[in-house]
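Here is how the chains run, residue by residue.
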Amino acid sequence: MGKLATVTRRTFLLGSAATAGGVAFGIYQYRSPVENPLAENLADGAAAFNPWVMIDNQEIVLIAPHADTGQGVASMQAALIAEEMDLDFGQFRTSFGMPSAAYFNTALGREMAPFRFTDQSDQAQTMRGIMGAVGKLMGLQGTGGSSSVPDSFDKLRKAGAIARETLKLAASNKSGIPVEQLTTKSAAVHLPNGESIAYVDLASEAAQIEPVRDVELRDPSTWRLIGQEMKRLDIVPKSTGTMDYGIDLFFDKMINAAVKTNPRQGGVMNSFDASKAIAMPGVEKIVEIGNGVAVLAGNTWTALKAVDAIEFDWGPAPYPAEQAEHWKEVENSFTPERFDKEWRHDGDVEAGIGDDAFEAEYRAPYLAHAPLEPLNAVIKLEDDQVDVWASHQMPRFVQAQVAKITGHDADQVLFHNQYGGGSFGHRLEFEQLKQAAEIAKQVPGRHIKLTFSREEDFVHDFPRQIGMSRGRGSVNKGKVESLDLQIATVSAAGSQASRIGITQPGPDNQIPAGAWDAPYAIPNFRVRGYRVPELAPTSSWRSVGASTGGFFMDCFLDELIHQAGADPIEERLRLIDHDVSRKVIESVADMSGWGRDLGPNKGLGVAFVPSFGVPIAEVVEVTNTDRGIKIDNVWVAADVGTIVDPINFENHVKGAVVWGLGHAINSEITYSDGIAQQTNYHAFEAMRLHQCPEIHVKGLENAKQIRGIGEPPVPPAAPALANAIFAATGQRIREMPFHNHIDFV
């Protein structure tokens with residue numbers, strides 16, 4: 001079994017010892033401080049108070065180790081440090097830093113604990129703590145699962161406070177004034193007489209003293225940045241076209257590469273003929289890489305054209321060749337042999353439903369990630385070191401994957417993380433990095449820049465899981481009484497883990513995500529998951545399992561509410577048994593004016609889908625025109641506990657709604673002859689500008705725990721739209737993409 005499973009077993013044992021009052025080496029290891037990576041090779045006169053703050057006599061550098069792929073997380077991390085350190089935007093620069101176990105993420109593990117987000121029992125909290133501990137024990141530096149804010153919120157504020165108090169102590173030593181009489185503001189320590197000492201002028205003094213660990217965080221009433229509207233650090237460079245992404249990097253004497261590997265993912269390359277390609281002007285070399293070929297040339301365009309000129313004989317796909325066979329495998333997975341877990345069983349479902357069941361079946365297709373910036377990497381291999389430049393969400397895994405190919409130790413792989421032009425889960429994979437490493441082994445000593453064509457990026461994407469659900473339910477006296485939902489999907493988590501040599505332990509909690517943890521007190525409520533054998537390889541896609549499970553659950557619940565003759569908002573509120581979630585639904589109903597007279601050919605649809613611990617509700621308003629469905633408005637209410645930046649919060653919500661609606665309307669990946677048929681945006685359309693509705697957002701702060709907002713607005717979008725279409729037309733759409741069943745303006 002893989003390292004993750006081993007650590008999980010060990011962590012479970014140490015967690016058991018902790019709850020029993022025992023002492024184990026694992027407890028000591030978990031509680032012990034990690035080494036500060038900034039302390040290595042620190043220049044004379046520079047101070048590194050902790051892994052996130054470094055100062056010399058020229059500048060203040062804040063380390064933002066969570067990957068920024070467009071979500072603004074670099075600004076968020078910097079703001080949390082700056083809040084406590086009394087820095088203003090413009091008084092520091094940020095860096096992603098080098099990969100380090102010090103940047104472990106505990107929030108990712110906590111989210112994996114098999115408890116509903118509403119469960120705050122001692123057992124649930126203990127298990128979340130155990131799962132979170134895995135992040136530290138593994139040194140799991142990762143970005144995903146809307147975990148960046150909950151992972152960063154406390155630790156980065158504390159990092160800023162430690163730097164602040166240590167600088168005050170340095171100023172006290174330098175001035176002779178007691179620390180208690182000193183204050184800080186705008187990157188300086190202020191003395192009682194009105195004079196001030198800039199932080200950078202205290203760097204050498206601070207470097208000589210032990211950082212102050214016993215610190216107090218600012219009271220929220222004094223926050224200058226958190227909760228206020230911020231201008232993200234990347235807004236100006238992105239708006240002016242001066243932002244450098246990985247694809248923009250250039251080095252002297254750099255050689256450019258393009259690749260082509262078997263479009264039937266996992267299939268072999270039987271043979272190839274590169275005679276035409278090698279004769280093309282500008283082509284320097286052609287090398288084999290695993291199940292494909294790389295062309296090296298003076299520029300990317302030449303490399304791309306040359307690789308297209310190569311003739312290949314590809315082997316078959318290791319999965320069904322045709323899309324119909326994929327669906328057949330999913331349909332055949334509702335069996336005891338493929339049963340994964342019963343995630344919820346309240347009441348007596350079989351007796352509650354009886355013989356007069358209402359039934360419906362829903363489907364969700366494969367979906368590509370399709371970020372605007374295609375996959376790319378720059379690599380330079382030398383005897384004692386490999387440098388890699390790319391955007392990636394799992395930096396330490398990058399080191400391990402590259403080292404495995406080049407034969408170096410992982411710590412000899414220096415990974416320079418870059419801003420990414422989108423990801424949505426795409427930059428959790430390693431294909432371009434592994435291919436770059438294979439090329440570098442054959443061309444050592446030079447910077448090699450590998451750029452995927454758009455078509456290669458699409459064909460070798462690992463799409464969202466395919467899945468379907470079968471729902472049975474009953475109503476009684478105008479109320480929903482029973483709901484039984486069976487969900488069958490391939491395990492994206494299992495597929496993803498297998499590519500890095502990890503065996504996923506236990507059932508996959510993403511199969512029923514967005515369904516089993518819905519906080520409804522339905523008298524008879526059951527959710528079961530079935531694991532479809534891996535078909536085409538899949539991966540995490542923005543909102544992961546909730547993007548399918550939420551669609552299945554909420555649409556079927558809406559159907560049952562209609563069968564009961566009840567109001568969709570009122571019945572959801574009657575069933576909800578979680579106060580924070582109730583207020584979210586009440587807010588979105590109030591925002592949308594639910595219950596008003598809409599006039600002819602119009603409809604409102606509501607959906608409530610929790611994911612990543614965030615209760616979120618959306619109402620969609622549509623008009624049924626003679627040219628098709630027009631989406632007029634979307635209202636969204638969400639509760640993340642504390643909103644760090646209201647502007648970024650609103651932008652995240654709006655972007656996620658557009659993402660969710662666009663894919664629900666237009667998008668799918670299908671396979672023919674083992675190859676993904678959609679190879680560019682013309683065949684995988686996003687939401688068009690003229691289709692985009694006006695989006696209204698309200699953030700609530702009633703929850704006790706802080707959460708992220710990057711992914712949760714996605715899952716409710718599709719069911720809210722489907723429910724609105726039914727309200728306007730009487731037509732139920734149970735399969736995405738919707739444009740296969742109804743026209744849109």
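Quick notes on the rules
- Residues numbered from 1 in each chain as written.
- Predicted model: local features only at pLDDT ≥ 70, side-chain atom pairs only at ≥ 80, totals over all residues.
- Heavy atoms only, no water.
- Helix = DSSP H or I, 4+ residues; strand = E, 2+ residues; numbered from the N terminus.
- Buried < 20%, exposed > 50% of the residue type's maximum accessible area, 1.4 Å probe, protein only.
- Contact = heavy atoms within 4.5 Å.
- Pairing = 2+ DSSP bridges.
- Axes fitted to C-alpha atoms, helices over the stretch in contact; angles between N-to-C directions.
- Core = buried A, V, L, I, M, F, W, Y, C linked by side-chain atoms within 4.5 Å.
- Phe/Tyr/Trp six-rings, centres within 6.5 Å; stacked < 30°, edge-to-face > 60°.
- Lys NZ or Arg CZ within 6 Å of the ring centre and 35° of its normal.
- Parallel < 35°, antiparallel > 145°, perpendicular 65-115°, else oblique.
- Nonpolar A, V, L, I, M, F, W, Y, C, P; charged D, E, K, R; others polar.
- Salt bridge = Lys/Arg side-chain N within 4 Å of Asp/Glu carboxyl O.

Draft legend 1. Structural context of the overall build of the protein chain. Helices and strands together make up the secondary structure of the protein chain, namely 21 helices and 27 strands. Here the C-alpha coordinates of the protein chain stretch approximately 80 × 70 × 55 Å along the principal axes. Here the protein chain holds 745 residues, and the buried ones make up 59% of them. Considering only intrachain contacts with a sequence separation of at least 6, the fraction spanning at least 24 residues in the protein chain is 77%.

Draft legend 2. Focus on the environment of L217. Relative to the helices and strands, L217 resides in the loop between α7 (203–206) and α8 (235–240). Looking at L217, the relative accessible area reads 34%, which means it is partly exposed. The spacing of L217 and D632 is 415 residues in sequence and 44 Å in space, taken between C-alpha atoms. Once you skip the residues sitting within four places of it in the chain, L217 turns out to touch E84, R157, K158 and A161.

Draft legend 3. Representation of the sheet that holds strand β2 (residues 53–55) in the model. Ordered in space as β1-β2-β3-β4, the four strands form an open sheet in which the pairing is mixed. Pairing within the sheet leaves two strands with one partner each, and these edge strands are β1 (47–50) and β4 (93–95). Looking at each pair of strands side by side, their axes are set apart by 25 degrees on average, direction ignored. Its contacts with the sheet place helix α3 (residues 73–85) against β2, β3 (60–63) and β4, and it is angled at close to 130 degrees to β3. Each of β1 and β2 is contacted by helix α6 (residues 148–175), which is oriented at about 130 degrees to β1, the strand it contacts most.

Draft legend 4. Structural detail: the environment of Y419. Tracing the chain through its elements places Y419 in the loop between β17 (413–417) and α14 (431–442). Judged by its relative accessible area of 16%, Y419 is buried. In this structure the C-alpha to C-alpha distance between Y419 and S391, which are 28 residues apart in sequence, comes to 5.9 Å.

Draft legend 5. Broad picture of the nonpolar core. Within the largest apolar cluster, 77 residues are counted, with the highest numbers of intra-cluster contacts made by L483, Y520, F551, I631, L721 and F738. Of all the elements, helix α17 (residues 546–564) adds the most residues to this core, at nine residues. When sequence neighbours within four positions are dropped, the list of residues in contact with I631 reads V620, E621, V622, L661, I665, M687, Q691, P693 and L721. Of all hydrophobic cores here, the second largest spans 50 residues; its members include A47, L182, Y199 and I226.

Draft legend 6. Broad picture of the packing of aromatic side chains. Tallying each qualifying case throughout the model produces 21 aromatic pairs. With centroids separated by 4.3 Å and ring planes inclined at 10 degrees, the aromatic side chains of F312 and W314 adopt a geometry described as stacked. Ring centres of F551 and F738 lie 6.0 Å apart, and the angle between their planes is 40 degrees; this geometry places the pair in the tilted category. Taken together, the residues F551 in helix α17 and F738 in the segment after α21 (714–729) connect sequence positions 187 residues apart. Residue classification places F551 among the buried positions, given a relative accessible area of 0%. Linked through ring pairs, Y362, F551, F552 and F738 together constitute an aromatic cluster. The side chain of R157 reaches across the aromatic face of F153, ending 4.2 Å from its centre. Of note, R499 hangs over the ring of F462, and the distance from its end group to the ring centre comes to 3.8 Å.

Draft legend 7. How the structure looks around the packing of α17 against helix α18 (residues 568–575). Contact geometry for α17 and α18: axes closest at 10 Å, N-to-C directions at 105 degrees. It follows from the interaxial angle that α17 and α18 lie roughly perpendicular. Contacts between α17 and α18 involve D554, L557, D558 and I561 on the former and, on the latter, P568, E571, R572 and L575. Here the contact of α17 with α18 is built from residues that sort into four nonpolar, no polar and four charged.

Draft legend 8. Examining the pattern of salt bridges more closely. Enumeration over the complete set of coordinates arrives at 45 salt bridges. Residues E331 and R363 are paired through a salt bridge, measuring 2.4 Å at the closest nitrogen-oxygen approach. Remark: R363 occurs in strand β14 (residues 358–364) and E331 occurs in helix α11 (residues 323–331); sequence separation between them is 32 residues. The class of E331 is partly exposed, set by a relative accessible area of 22%. A cluster of three or more residues bridged by salt bridges with shared partners is formed by E350, E359, R472, D484, R526 and R528.

Draft legend 9. Quick peek at the side chain of S543. With respect to the secondary-structure elements, S543 resides in the loop between β21 (524–532) and α17. Among the residues examined, S543 registers a relative accessible area of 0% and is labelled buried. In contact with S543, other than residues within four places in its own chain, are Q510, F612, E711, V714 and P715.

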